[in-house]
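# Tertiary structure, described
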Amino acid sequence: QVQLVESGGGLVQFGGSLRLSCAASGSSFVFYRMGWYRQAPGQQRELVAAVTYGGSTNYADSVKGRFTISRDNAKHTVYLQMNSLKPEDTAVYYCNAFSTVAGDRDYWGQGTQVTVSS
């Protein structure tokens, strides 16, 4: 039913920028929160940034000032603008959407690889 499709990952040099997009389809649910998680090899998945339906945002300390999350509620799409990328940002980035409709539900994308060279 609900599908999250990420795009925008790739290889970028140190200090470069990428913009990730995640579009949710297959449901008319209002997603209370949409965001991005990432997981590097051998590490646990961590929250990068999230945004609520009303526009409130949260960021991991490691990305504050460099990443900006935004969403288009009408399009059920969330974006992550990543600037000043560092090698430690290298990870698979997963889109997440959380809904409180019909019980709390978490939805996940397949992930998109972000690699920052140094």
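Residues numbered from 1 in each chain as written. Predicted model: local features only at pLDDT ≥ 70, side-chain atom pairs only at ≥ 80, totals over all residues. Heavy atoms only, no water.

## Details of the side chain of Glu6
In this structure, Glu6 sits in strand β1 (residues 3–7). Buried charge Glu6 goes without a salt bridge, the closest partner of opposite sign being Arg45 at 8.8 Å. Here Gln110 takes part through its backbone nitrogen, which lies 3.1 Å from a polar atom of the side chain of Glu6. Here Gly111 takes part through its backbone nitrogen, which lies 3.0 Å from a polar atom of the side chain of Glu6. Excluding residues that lie within four positions of it along the chain, Glu6 makes contacts with Ser21, Cys22, Trp36, Tyr93, Tyr94, Cys95, Gly109, Gln110, Gly111 and Thr112. (Helix = DSSP H or I, 4+ residues; strand = E, 2+ residues; numbered from the N terminus. Buried < 20%, exposed > 50% of the residue type's maximum accessible area, 1.4 Å probe, protein only. Lys, Arg positive; Asp, Glu negative; His and termini not counted. Salt bridge = Lys/Arg side-chain N within 4 Å of Asp/Glu carboxyl O. Polar contact = N/O pair within 3.5 Å; in protein donor to acceptor, adjacent residues only side chain to side chain. Contact = heavy atoms within 4.5 Å.)

## Section: the nonpolar core
In this structure, Trp36, Leu80, Met82 and Tyr93 are the most contacted members of the largest nonpolar core, which totals 29 residues. Where this core is concerned, the elements lending two or more residues are β3 (18–25), β4 (31–39), β5 (46–52), β7 (67–72), β8 (77–82), β9 (91–99) and β11 (112–117). Once residues lying within four places of it in the same chain are set aside, the contact partners of Tyr93 are Glu6, Leu20, Trp36, Tyr37, Arg38, Val48, Phe67, Leu80, Met82, Gly111, Thr112 and Val114. (Core = buried A, V, L, I, M, F, W, Y, C linked by side-chain atoms within 4.5 Å.)

## Re the state of the cysteines
One pass over the structure, following the stated rule, counts one disulfide. Across the disulfide from Cys22 sits Cys95; the S-S distance is 1.9 Å. Measuring the twist about the S-S bond at about -85 degrees, one finds the Cys22-Cys95 disulfide to be left-handed. Pair noted here: Cys22 is in strand β3 and Cys95 is in strand β9, with a separation of 73 residues, a long-range link. Cys22 gets classed as buried once you look at its relative accessible area, which sits at 0%. What makes Cys95 buried here is its relative accessible area of 0%. (Disulfide = S-S within 2.5 Å.)

## Remarks on the sheet that holds β8
Strand-to-strand pairing in sheets goes through backbone hydrogen bonds, with the strands running parallel or antiparallel. Taken in spatial order, the four strands line up as β1-β3-β8-β7 in an open sheet, and their pairing is antiparallel. A strand with exactly one partner marks an edge of an open sheet, and here the two such strands are β1 and β7. Shown here is a sheet whose adjacent strand axes are inclined to one another by a mean of 15 degrees, direction ignored. Strand direction decides the pairing type here: β7 and β8, joined by six bridges, are antiparallel. If you follow Ser70 over to β8, its bridge partner there is Tyr79. (Pairing = 2+ DSSP bridges. Axes fitted to C-alpha atoms, helices over the stretch in contact; angles between N-to-C directions.)

## Considering the pairing of β9
The buried fraction of β9 amounts to eight of the nine residues, a majority that puts the element mostly inside the structure. Pairing of β4 with β9, which is carried by eight bridges, proceeds in the antiparallel orientation. Among the inter-strand pairings, Gln39 is bridged to a residue of β9, identified as Val92. Pairing analysis gives three bridges linking β9 to β11, with the strands arranged antiparallel. Within β11, the residue paired with Val92 across the bridge is Gln113. From the end of β9 to the start of strand β10 (residues 105–108), which pair antiparallel, there are five residues, and Ala102 there has a positive phi angle of about 55 degrees.

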